[in-house]
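A look at the structure
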Amino acid sequence: MKATVIAPSNIAFIKYWGKRDEKLRLPANGSISMNLSNLTTITTVEFNSKLHQDDIIVDGLKEVKQVERIIEHLNRVRKLAKTKVYAKVFSENNFPQSTGLSSSASGFAALTLAAVSALGLKLSEKELTILSRQASGSACRSIPDGFVEWLAGTDNSDSYAHSLYPPEFWDIVDIVAIVGNVKKTVATTQGQKYALTSPFFETRLKNLPERISEFKKFLKEKNFSKFGGIIEREALEMHAIILTSVPPVLYWLPETVLLMLQVRKWRNQGLEVYFSINTGHDLHLLCQEKHKDTLFKLIKKLDIVQNVIINKPAIGARLTNQHLF
Ligand code: DP6
């Protein structure tokens, strides 16, 4: 049987950085994110007993570097379904990969739901998040709708993601400002392994439970100023860990820093905008819907910004009949 899924990428407001268990991808801490309407992956999976190996094409290419990770994940799903049949997998991202826009989140969320559905397995949303987490941690947050929390848990069965609020809960906007097109030199999975070597990592872990409960309160109250303050500090703190790990990693470009400073200038002038950033050089600029057009025009005027992608809060992974083959 064939199944096709569209899944969104997500932006973490409280970051997942550092694992307690590498193999199971159990995170050192819980995290909270929002699904992004305009950064998506569409994936079609078909299991076919005539195939002699998995046939995988991502963004039109056969030689993809994630191929082993994709096969490993197909094996997890095959094991659940007690089958050895190979699969044909076609996947397309509507945004660049390996530049820090979290294509592994949307990609592995889409692959999980498509593979499970193609084999006729009936899994709950919670089980789907547990399964996709094992392929890429952040992928578990792209399964449920809207604003999503991933509970760190203590073992495989209780480290899962659930929706805190549906997308229509809050009409905030995430404008991704693309400031470069170089691929990152240190993959996120590798960078995560270094996290525990930062002398500041333990302090971060100690402070996180309080930050998470404050953040959930501000999210519930839709207090944009307090919400924004936390997401910006959180993004900078994750990079403080990244910069002080052994070996240290620097994901930013000069343009990244210029844009961060510009965001502060806009705020001082009364425009409420806050940034977040993942393991790359592009910034996510968050504002309220009422400021979207003003912010968009200001960003478009900047020479350092090559492109922008406007996102609203979005639903999670969904089946579709727009099959890619
Ligand atoms: C900076 O989920 O890509 O985007 O589990 O090794 O695949 P793996 O890591 P990944 O890490 C995401 C890191 C981040 C922060 C976040 O999304 O929470």
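Figured I'd write up the structure that's included with this text. These figures come from a predicted structure and were not determined experimentally.

Tallying secondary structure elements over the protein chain gives eight helices and 13 strands in all. The C-alpha atoms of the protein chain give a radius of gyration of 19 Å, which matches the 20 Å a tight globule of 325 residues would have. In terms of principal-axis extent, the alpha carbons of the protein chain reach across some 65 × 40 × 40 Å. A buried classification covers 55% of the 325 residues belonging to the protein chain. In the protein chain, once contacts between residues fewer than 6 apart in sequence are set aside, the share between residues at least 24 apart is 75%. If you sum the accessible surface of the protein chain, you get close to 14400 Å²; carbon and sulfur atoms cover 54% of it. When the 42 positive and 32 negative side-chain charges of the protein chain are each reduced to one mean point, those points stand 1 Å apart.

Quick look at the site of the ligand now. Not every one of the 18 residues close to the ligand is listed here, only the nearest: Tyr16, Arg69, Ser136, Ser138 and Arg141. In this structure, an oxygen atom belonging to the ligand sits 2.6 Å away from a side-chain N or O atom of Arg69. At 3.4 Å, a side-chain N or O of Ser104 approaches an oxygen atom of the ligand. In the complex, the protein chains occlude 97% of the 460 Å² of accessible area that the ligand would expose alone. Of all the cavities here, the one that holds the ligand is the largest pocket.

Turning to the nonpolar core, a few remarks are in order. Trp266, Leu285, Leu295, Ile299 and Val305 are the most contacted members of the largest nonpolar core, which has 33 residues in total. Broken down by secondary-structure element, the contributors of at least two residues to this core are strand E9 (172-178), helix H6 (224-243), helix H7 (254-268), strand E11 (283-288) and helix H8 (292-300). Leave out the neighbours within four places in its chain, and Ile299 touches Ile175, Ala177, Trp266, Leu285, Val305 and Val308. Core analysis: the next-biggest nonpolar cluster, separate from the first, contains 29 residues, Val77, Leu113, Ala115 and Val116 among them.

Note on aromatic pairs: each is described by the distance of the centres and the angle between the planes. Taken as a whole and assessed by the stated rule, the structure comprises eleven aromatic pairs. Plain terms: the ring middles of Trp170 and Phe224 are 6.0 Å apart, the flat faces sit at 75° to each other, and that makes the pair edge-to-face. Residue Trp170 is located in the loop between strand E8 (161-165) and E9, and its partner Phe224 is located in helix H6; the two are separated by 54 residues in the primary sequence. Owing to a relative accessible area of 6%, Trp170 belongs among the buried residues under this scheme. Overall, the relative accessible area of 4% leaves Phe224 in the buried class. Taken together, the ring pairs connect Phe13, Trp170, Phe215, Phe224, Phe227 and Tyr274 into an aromatic cluster. The residue whose ring lies beneath Lys88 is Phe325, and the NZ or CZ to ring-centre distance is 4.5 Å. The lysine or arginine in question, Lys222, covers the ring of Phe169, its NZ or CZ lying 4.5 Å from the ring centre.

Approximately 890 Å³ is the volume found for the largest pocket. In this structure, the largest pocket is lined by 41 residues; those nearest its centre are Arg69, Ser103, Ser104, Ser136 and Thr188. Those elements giving two or more residues to the lining of the largest pocket turn out to be strand E1 (2-14), strand E4 (31-47), helix H1 (67-81), strand E6 (87-93), helix H2 (103-118) and helix H4 (188-194). A per-element tally of the lining of the largest pocket places H2 first, with five residues. Here the lining of the largest pocket is composed, by residue class, of eleven nonpolar, 22 polar and eight charged. Volume-wise, the second largest pocket comes out at about 250 Å³. Lining the second largest pocket, in full, are Arg76, Lys79, Leu80, Leu123, Glu127, Ile130, Leu131, Gln134 and Asn156. Where the lining of the second largest pocket is concerned, the elements lending two or more residues are H1 and helix H3 (125-133).

Conventions used here
- Residues numbered from 1 in each chain as written.
- Predicted model: local features only at pLDDT ≥ 70, side-chain atom pairs only at ≥ 80, totals over all residues.
- Heavy atoms only, no water.
- Helix = DSSP H or I, 4+ residues; strand = E, 2+ residues; numbered from the N terminus.
- Rg over C-alpha atoms; globule rule 2.2 N^0.38 Å.
- Buried < 20%, exposed > 50% of the residue type's maximum accessible area, 1.4 Å probe, protein only.
- Contact = heavy atoms within 4.5 Å.
- Areas by Shrake-Rupley, 256 points an atom, 1.4 Å probe, with all protein chains shown as cover.
- Lys, Arg positive; Asp, Glu negative; His and termini not counted.
- Charge placed at Lys NZ, Arg CZ, Asp CG, Glu CD.
- Near = heavy atom within 4 Å.
- Polar contact = N/O pair within 3.5 Å; in protein donor to acceptor, adjacent residues only side chain to side chain.
- 1 Å grid on protein atoms, 1.4 Å probe; cavity = no way out; pocket = protein on both sides within 12 Å on 5 of 7 lines; lining within 4 Å.
- Sits in = over half its atoms within 2 Å of the grid points.
- Core = buried A, V, L, I, M, F, W, Y, C linked by side-chain atoms within 4.5 Å.
- Phe/Tyr/Trp six-rings, centres within 6.5 Å; stacked < 30°, edge-to-face > 60°.
- Lys NZ or Arg CZ within 6 Å of the ring centre and 35° of its normal.
- Points joined across faces, edges and corners; volume = space filled by probe spheres on them.
- Nonpolar A, V, L, I, M, F, W, Y, C, P; charged D, E, K, R; others polar.

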